[in-house]
Amino acid sequence: FILSNYAVVFKTLISYEQVLRHQICSLLMTSLRTNAELEGEAGEPSFRRLVLRSVAHIIRLYSSSLITECEVFLSMLVKVTFLDLPLWHRILVLEILRGFCVEARTLKTLFLNFDMNPKNTNVVEGMVKALARVVSSVQVQETSEESLAAVAGMFSSKAKGIEWSLDNDASNAAVLVASEAHAITLAIEGLLGVVFTVATLTDEAVDIGEVIAIFYPTILNPPRSGYDQPLKCTGKTALLCVSMVDSLWLIVLDALSLILTRSQGEAIVLEILKGYQAFTQACGVLRAVEPLNSFLASLCKFTINFPVEADKKSNSTLHSPGSKRSESTVDQKDSIVLTPKNVQALRTLFNIAHRLHNVLGPSWVLVLETLAALDRAIHSPHAATQEVATSVPKLTRDSSGLYSDFDILSSLNSQLFESSALMHISAVKSLLTALHQLSHQSITGMSSVFGATSSQKFGTISFSVERMMSILVNNLHRVQPIWDQVVGHFLELIDNPNQHVRNMALDALDRSISAVLGSDRFQEYLSSECGSWSQDIGATATETGLLECAVISPLGVLYSSNQSIDVRAMTLKILLHVLERYADKLHFSWPDILEMLRSVAGASEKDLVTLGFQSLRVIMNDGLSTLPAEFLPVCIDVTGAYSAQKTELNISLTAISLLWTAADFIARGLSQELSEEKEWEAGRDVQYIPRSVDGEESLDEARVASGRENDEASSKSTEGRDKLLFSVFLLLQKLGADERPEVRNSAVRTLFQTLGSHGQKLSKSMWEDCLWNYVFPILDQASHMAATSSKDEWRGKELGTRGGKAVHMLIHHSRNTAQKQWDETLVLVLNGVSRILRSFFPFLRSLSNFWSGWESLLIIVKESILNGSKEVALAAVSSLQTTIVSHSLKGNLPMPYLTSVLEVYEFVFQRSTSYGFNSPSKAKQEILHGLGELYVQAQSMFDSQMYTQLLAIIDLAIKQSMMGSENVETDIGNISPIQCTVLEIWPLLRPTEQFSSLWLILLREILHYLPRPDESLRNEEEEVKRTNASDGSQETRNETPIGIASTSLSKAELDSHSSKTKPMCISSNVFPEKVIPLLVDLSLHTPTVEKHIILPEILESLGRCMTSRRDNPDAGLWRTAVEGFNRIVLDDVSRLKMNSGPDASISRQARVRFWKEVADVYEVFLVGCCGRALPTDYLPAAAVKADESLEMTVLNILGDNILKSPIDASADILQRLVSTLDRCASRTCTLPIDTVELMPLHSSRFSLTCLEKLFSLASYDSEASNWSSITSDISKKSIMVLMARCEYILNRFLIDENDLGERPLPTARLEEMIYVLRQLARLVIHKETVRELPLHPHLRRGLGVDDDHNRRAHLLVLFPSFCELVASRESRVRELVQVLLRLIAEELALGKFQALTGLTPQ
């Protein structure tokens, strides 16, 4: 009590100190001696306890002043633990030593005074060794297991706050075990006291700044630099801690590891693990590497319990940082059972790793080996905790509750690597290095093992890769320092021959790149680009650029350095994933990406090219808007490389479409710049304000300067876009010469589609470059290749053999030669040129030297039509036609271009005729169609010369169609396609009102294709002179209508055209048959003056066609001509009725010529071709009946429409027309009696019809109101002709009847006779007609011809013939004659006697 409570007195007063030193200490030393047997009170435990307590007070309070005495005391106490003394005695000493160890101040003082003083002994080390010796004694005790159980019980009671005590009725054996356990417990507590003392002193050193803190760094307070530097301990406390660790760590470690190995109690295990954690943390803070590694190695042994190796573990084995754990060799198939001690050890390891992550350095290998084993255990189906393993079968474990420990450990495992974000960068690198080393060890071991062990090695590698990924993901904010280290290991794994390892590494590389590019850092940089530029942002951009290049560059290195196809393919897949997700975030790595894709384009493996092209498609389709402008040329060039590659055709075709996408993107940008430029020009049109007085620039001057800068920038940007477009055009032009037809055709389409779609956005200079550098060269090349390529047929790819013969793939005949395929390309080029000219012709005409380009196009078109295939010729025609037609309607077509096209067409037909070129008939048809359409659209541009040239071209076409192979179809009853086309376009060529005289050229041109006489035609002037010589000159002048004389063709021009166009010999009537309806339609629509000039010629030609019936009664030509003739005549008669006479503008001469030709046609056709016995036996009955009906139609038109209408024909014409009817009516009566019976029935019917028309013309109907002077003249002429014809028939009947005697007359003659007699009885004539009858004057006076009641005077003319017929043998004739005689009597007023006298016979 005195020593402990009055320590100040003993330290201050020297006398007291002397007493303490010499008397008290001596007494205590004597009492502590154990070399003699103790007697009396000295041997009692209470006395020993009192002595030891006093010694403890002296050592605790006066060790600094009583150095020697305390050293002796401590040595004696330590020695007691070695002696064979009663157990209670040693327990008392251990309690004293335990007290010194658990008291940090006491232990610190002892260590400073003794162990750190070279003059003194290492008493603290001795104490720790003594305690460790007590602990190690458990190995040799027979009751060691019972003692260890008792020790565990003591720690458990202490943990619960219960003081341990021995039962009073315990046996001696139990007391012994308890005493031994108590001694071991005291020793363990003492060792743990030393551990915690070291930890406490280390914390003090940290608190006073002698050691830098390493715990709990945060984002707001990140680790300071220098953690990876060696610790320089200059402070007293720090040196003390380092000395204590160096001298005590091995002793403490051996003892604690022994107890931890042999103990199973939860409380003691927790306490020892706390000691492990505390000492390890202190070693980490003090940078005590060897103790740290040793404690970690020892701790790791208790984490995973592998039963196979459990008996082989050594308690004293210390692992170096680079050593491999024995657990790594355990077969994964063995059951892994985690005991509570294992779980607690793992938790302790996690705590240590979390707190010491910045200083573990190479020691991470030990931790990672354990964590890798834990990871395998967590994912192993054979792993379990001890409780589950002992109570439930392995296959029936419920994952909800029984895996709680695994879940916790797995979470701790993940959190450890997630917390790497809080580590210093050097610590992160150390952790990565350890993972690399762990993975490398497994890779090295995989080559020599197989089966489950190999799978275990792979699991370790997988663990390393996944943890590297976790570190990378959690350190994205500072990824650049660790990127090379992480990716370098992935690349190393990719070179491994094991396929699974390679795939795992490639997947990790993919995820790593995606993680970095998807991080917030890149997003922040993108956001900064949208704002203002600053120095900080510039530095960030530079740093980001370096990181971006570093992230992407491994892909290029991997592709170029690795020769494995699978690896290259996976590399390209990674690139594809990157571009699909983060293409819009990339800025600096595009050169590497594009260069890599370019190298892929040259690969011979189809799969690689396909994968590379998929990446390019992502760029071109989705990434062009975010792709930096400086990389666009490279991107376009790479696209061209894929277009030109020969590995996969579909890729080439799709790449060409991507070029179109690029061109569209560039053109849209160009258009936007142009619109912005216009807006700027409009916005800066402000009034200029001069400089201010002080010389400073005004605001408007600043705006003008800014405008100049903007103009310069816009000019540079536009120039760059122009170059980009030209690069696209150049690639397409080169691809247009590709040997693969599909590729070049696609390139040609794309080139012209681009120009057609965006041509309005191109400047004048750009268009000039496009035409002369791309358009015309590709046209020349395609034309040349189409003309010079081989015509040899190709054989398809060999598919196999059948019957010993090779079987080849079929190739369509339209593309089985090189020439045919180049023809297809040329067609596309011509169509493309046509599209450009159709869209931009007015603009292109303004370009310099465009006319020379136009001429070169015309040359190619001519050659294509003459020498090319059908498709090429059609495309050539279309290329010209669409251009000319589309712009002629808009008025944008100058005359030279129109003339040049006509010259080309004329040249084509001339060459085809003169030099034997066999141009496709379809092309000629298209030319003709085009001419018709051209004339319709550009009528106002055609003068007489061009119109004549147009007709000359058509004439050439018709001539060619009638020669050679094109005339074959005509010979078999059809017209050629060209002739069909001509018939289609002739109606379109109607001249305009300004050039109405051109109608004569058109119609005369058409007339040439109708049959003509062998002799030459008479001149028009000669015909006019013979028709009306007296007033011909005056009437000729009237043929030109007033108002159009200035635009009409002169006589010389008409004669010139007629002289150039020579009559053509038509070998077949098929074409003229088709021409006649067209000719008639055109003539009916011809202006009045021109129509009546040409109608005589038309009627003359129709008459010739009608007379062809004699030679070809079955042909359709004469029928068509008859129908046409009827239409013309009826149209003229209807116009006369409508206009009540001829048009005043029509000359008399023209009308005379018209009626003369009408009379000629009727005369020739009716008399010579109708009602006659023609060879029609081979014609069908329906055709014969139709022909007879047509004859009757002609007669009806003549008798009912013409001669009964108020026509303007002259008297001689009328006489000729009536005489024609009379001549036709004489068919039956003029024939000899012997031949009448041979005459066909239709001939007699025709003759009777003609007689009927004569009776009709001569008759008068009092109820009709259409009697006129013309009708009267016709009636007068008809009655005279009719009377003469009737008299001849009556007289001829009498002669034939007398000649035949008793024989009957032919039926036809008898019917004719009866018909005439009946008609004569019905006939009533006008009084004016009566005056024309040849009656005697006395009879005329007696009849009173001026009286309206005498209408049958014509019977008096035939009275003699009637008298002769009274004696006829035919009763019907006699009866009819009697009727006629009664009518005559009535006409002469010679009634019966009764009627005359009124007398009746008696």
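Residues numbered from 1 in each chain as written. Predicted model: local features only at pLDDT ≥ 70, side-chain atom pairs only at ≥ 80, totals over all residues. Heavy atoms only, no water.

1. Focus: the packing of aromatic side chains
All told, the structure shown has 23 aromatic pairs when counted by the stated rule. Ring geometry for Trp767 versus Phe840: centroids 5.2 Å apart, planes at 50°, classification tilted. Of this pair, Trp767 sits in helix H31 (residues 764-788) while Phe840 sits in helix H32 (residues 818-844), placing them 73 residues apart in sequence. On the basis of relative accessible area, Trp767 is assigned to the buried category, the value being 0%. Overall, Phe840 belongs to the buried group, its relative accessible area being 10%. Across the ring face of Phe907, the terminal group of Lys862 is positioned such that the distance to the ring centre comes to 4.8 Å. (Phe/Tyr/Trp six-rings, centres within 6.5 Å; stacked < 30°, edge-to-face > 60°. Helix = DSSP H or I, 4+ residues; strand = E, 2+ residues; numbered from the N terminus. Buried < 20%, exposed > 50% of the residue type's maximum accessible area, 1.4 Å probe, protein only. Lys NZ or Arg CZ within 6 Å of the ring centre and 35° of its normal.)

2. Quick word on the pattern of salt bridges
Across all of its chains, the model carries 29 salt bridges by this definition. For Arg740, the salt bridge goes to Asp738, with nearest N and O atoms at 3.0 Å. The two residues Arg740 and Asp738 agree in class, both being buried. Across the salt bridge formed by Asp1160 and Lys1156, the nearest N and O atoms sit 2.9 Å from each other. Here Asp1160 pairs with Lys1156, and both are found in helix H47 (residues 1148-1169), just 4 residues apart, close to one helical turn. (Salt bridge = Lys/Arg side-chain N within 4 Å of Asp/Glu carboxyl O.)

3. So, the confidence of the model for the protein
Residues at a pLDDT of 70 or more form 72% of the protein, whose mean pLDDT is 76. Across residues 166-170 the pLDDT falls below 50, and counting only partners more than four positions away or on other chains, this stretch makes 4 contacts in the model. The model gives residues 215-230 a pLDDT under 50, and that stretch makes 28 contacts with residues more than four places away or in other chains. (pLDDT = per-residue confidence, 0-100. Contact = heavy atoms within 4.5 Å.)

4. Remarks on helix H25 (residues 590-601)
Between its first and last C-alpha, H25 extends 16 Å over 12 residues, near the 16 Å set by a 1.5 Å rise per residue. Three or more residues of H25 are buried, namely Trp590, Ile593, Leu594, Met596, Leu597, Val600 and Ala601. Buried positions in H25, seen along its axis, are confined to an arc of 160° and lie on one side of it. (Expected span 1.5 Å × (residues − 1). Arc of directions from axis to C-beta.)

5. Here we look at unusual backbone geometry
The residue Arg287 is not glycine, and still its phi comes out positive at about 60°. Relative to the assigned elements, Arg287 resides in the loop between helix H12 (266-285) and helix H13 (289-301). Positioned with a positive phi, Asn849 is a non-glycine residue whose angle comes to about 60°. If you trace the backbone, Asn849 turns up in the loop between H32 and helix H33 (850-867). A relative accessible area of 56% places Asn849 in the exposed class.

6. Examining the side chain of Asn496
Within the element layout of this structure, Asn496 appears in the loop between helix H20 (480-494) and helix H21 (499-517). Discounting residues that sit within four places of it in the chain, Asn496 has contacts with Ile443, Val501 and Arg502.

7. Concerning the environment of Cys101
Tracing the sequence through the fold places Cys101 in helix H6 (residues 87-102). Separated by 92 residues in sequence, Cys101 and Gly193 place their C-alpha atoms 4.9 Å apart. With sequence-adjacent residues up to four places away left out, Cys101 is seen in contact with Leu107, Met127, Leu131, Gly190, Gly193, Val194 and Thr197.

8. Remarks on the environment of Leu131
Structurally, Leu131 is set in helix H8 (residues 123-136). In sequence terms Leu131 and Thr185 are 54 residues apart; their C-alpha atoms lie 9.9 Å from each other. Once you skip the residues sitting within four places of it in the chain, Leu131 turns out to touch Leu94, Leu97, Cys101, Ala187, Gly190 and Leu191.

9. Let's talk about helix H48 (residues 1181-1202)
The end-to-end C-alpha distance of H48 is 30 Å, a good match for the 32 Å that 22 residues give at a rise of 1.5 Å each. The largest bend in H48 amounts to roughly 25° and is located at Asn1196. Taken together, the buried positions of H48 are Asp1187, Leu1190, Glu1191, Val1194, Leu1195, Ile1197, Leu1198, Gly1199 and Ile1202. Buried residues in H48 make contact with helix H46 (1117-1139), H47, helix H49 (1211-1225) and helix H51 (1241-1258). (Bend = angle between axes of the 7 residues up to and from the residue.)

10. Side note on the packing of helix H40 (residues 998-1007) against helix H45 (residues 1088-1107)
In a pair of packed helices, the angle between the axes and the distance between the axes together describe the arrangement. Packing of H40 against H45 leaves a shortest axis separation of 10 Å and a crossing angle of 5°. With respect to H45, the element H40 is oriented roughly parallel. Across the interface between the two elements, Trp999, Leu1000, Leu1003, Arg1004 and Leu1007 from H40 touch Glu1090, Ile1093, Ile1094, Glu1097, Ile1098 and Ser1101 from H45. A class-by-class count of the residues in the contact of H40 with H45 yields 7 nonpolar, 1 polar and 3 charged. (Axes fitted to C-alpha atoms, helices over the stretch in contact; angles between N-to-C directions. Parallel < 35°, antiparallel > 145°, perpendicular 65-115°, else oblique. Nonpolar A, V, L, I, M, F, W, Y, C, P; charged D, E, K, R; others polar.)

11. Focus: the packing of H49 against helix H52 (residues 1269-1300)
Interhelical geometry of H49 versus H52 gives an angle of 35° and a closest axis separation of 10 Å. The chirality of how H49 crosses H52 is right-handed. Contact residues: Ala1211, Leu1214, Gln1215, Val1218 and Asp1222 in H49; Ile1274, Lys1277, Ser1278, Val1281 and Arg1285 in H52. (Left-handed = near helix turned anticlockwise from the far one by under 90°.)

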